[in-house]
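Spelled out from the first residue to the last, the chains are:
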Amino acid sequence: MNGVHLSHQCPQCGAPVELEETDRIFSCPFCQVRLFIHADGPFEYYLKPRITHPGTLIYVPYWRFRGNAFVLGPLETQHKILDSSLLAAHSPAMPPSLGLRTQAMHLSFVEPTTDGLFLPADMKSPDFKARLLKSLPGLATRTGPSLTACVGDVLSLIYQPVFQNDELVDGITGQYLGPAGINVETLGRPGSHLHFASTLCPQCGWDLVGDRQSLVQTCPHCDTAWEPGAEGGQPVTLHFLHTEEKPALYLPFWNLRFRAKGFRLQTWADLIRLTNLPRAILPWMESTAFSFRVPAFKIRPELFLNLSAQISLYQPEATELETLPRIPLHPVTLARTEAFQALPVILGRLAPARKNLFPKIQGGSFGPLEARIEYLPFVEEPQEFVQPEMSMAIQKNALFWSTTL
Ligand SMILES: [Zn+2]
Ligand SMILES: [Zn+2]
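Residues numbered from 1 in each chain as written. Chains lettered and ligands numbered in written order. Predicted model: local features only at pLDDT ≥ 70, side-chain atom pairs only at ≥ 80, totals over all residues. Heavy atoms only, no water.

(A) Representation of the coordination of the zinc ion (ligand 2) in the model. Only C201 (SG), C204 (SG), C219 (SG) and C222 (SG) from the protein coordinate the zinc ion (ligand 2), and they sit 2.3 Å from it. Each of the 4 donor atoms around the zinc ion (ligand 2) contributes to a set of angles spanning 102 to 118 degrees, which defines the coordination as tetrahedral. Sequence positions of the donors to the zinc ion (ligand 2) reduce to the motif C-x2-C-x14-C-x2-C. Classification of C201 by relative accessible area gives buried; the value is 4%. (Donors = N, O, S within 2.8 Å, 3.2 Å for Na, K, Ca; no water. Tetrahedral: all angles 85-135°; square planar, octahedral: opposite > 155°, others 65-115°. Buried < 20%, exposed > 50% of the residue type's maximum accessible area, 1.4 Å probe, protein only.)

Right, here's the structure in full:
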């Protein structure tokens, strides 16, 4: 799958700059400025019209998701890599999805200065994900209990242009879509959800460093870490698992604290009772909180589930460091809100006999509490990276693949 192409005028020098949809740092090759890209809510893009028409220019919203989808039934585990869009507003004349348009065309950020009127999205993102899981070929839609999740590196709104006078016309192909059907009273102008802010360290003024797709940028001068926010860099505290070996790479994981609603899951003992893991319940387990760990980087769905299960059961003791390591930190490309979506399917993955789990959690849910980044050190072998403390290996090509998803 190719990355979607996105163009944006440099906020500093005005040059047109091409970027990837997953870039979290705007980097101008002309004036060298580096800026955090942040949106309040999902990123919003639009496709530029390619025809002229006397009608009113209206943008119609589509949800777009790219990432891993999971369906865990009583016996089977299914997963799939998705790249899909669905119409996000009630507008019967519009095609139900954007098809291949998002991959074939250039996108632009929606900004307050963007011409045209915007039809608001009336479908919420959880409903969008639920529909995706129901409608996709290859993922069985059975009746009966299942645990599902869509965990994406892209969840955005893409606006498709149409023109409307007494008819409705596709703004890209000029194709007639139907009689005028969009109520102009529901239309509005775009708000200012998008922010570009300096990547100079807010604490010491040094240039922050990090992969352009990473949500975490670090300051090599004062050993602090930052993520994009509405006002610029927001401080984040990173935690690291100690190793006696000499690591070649640090991989990021989200440590997710949650509140279970409708069933009991606070401690290790709760986890063992809920999932029937074949372990004896020891006194410390009754008083030790359990949290989930999930990869904070792009990785194939089966590996995502397996790594989550393995590391959640290992519960590494990751501590804060005085100085940051000087070896590469793998980019954090999975937002915490997406990471939290994975909790039901990881719980399902942990249960040796899932059919016994379903009645215990029926009607329940997970509420997000707190998320922190923990880096696990890996040493390099010819074909794989190995985490020595956990004796866990990840094929090198699995990580390489993950950056090109
Ligand atoms: Zn520039
Ligand atoms: Zn600094």
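(B) Looking closely at the domain arrangement of the chain. Partitioning the chain into structural domains gives domain 1 (42-192) and domain 2 (237-402). Of note, the centres of domain 1 and domain 2, computed from C-alpha atoms alone, are 32 Å apart. With 24 residues of domain 1 at the interface, the matching set in domain 2 holds 22 residues. Taking both sides of the interface into account, the surface hidden between domain 1 and domain 2 amounts to around 1700 Å²; carbon and sulfur atoms contribute 69%. Applying the counting criterion to the domain 1 and domain 2 interface returns 2 salt bridges. K129 is the partner of E338 in a salt bridge, and the nearest nitrogen-oxygen pair spans 2.9 Å. On the surface where domain 1 and domain 2 come into contact, there are 6 residue pairs in polar contact (both at pLDDT 80 or more). Among the elements that make up the side of domain 1 that touches domain 2, the one with the highest residue count is strand β10 (residues 147-164) (8 residues). Residue composition of the side of domain 1 that touches domain 2, grouped by class: 12 nonpolar, 7 polar and 5 charged. (Domains from an automatic or database assignment. Contact = heavy atoms within 4.5 Å. Buried area = accessible area lost by both parts, 1.4 Å probe. Salt bridge = Lys/Arg side-chain N within 4 Å of Asp/Glu carboxyl O. Polar contact = N/O pair within 3.5 Å; in protein donor to acceptor, adjacent residues only side chain to side chain. Helix = DSSP H or I, 4+ residues; strand = E, 2+ residues; numbered from the N terminus. Nonpolar A, V, L, I, M, F, W, Y, C, P; charged D, E, K, R; others polar.)

(C) Local environment of a negative patch on the surface. On the surface, E244, E245, E381 and E389 cluster together into a patch of negative charge. Tracing the backbone shows E381 in the loop between β21 (365-380) and β22 (384-387). You can call E381 partly exposed: its relative accessible area is 36%. (Patch = residues over 30% accessible without salt bridge, like charges linked within 9 Å, V, L, I, M, F, W, Y side chains within 5 Å. Areas by Shrake-Rupley, 256 points an atom, 1.4 Å probe, with all protein chains shown as cover. Lys, Arg positive; Asp, Glu negative; His and termini not counted. Charge placed at Lys NZ, Arg CZ, Asp CG, Glu CD.)

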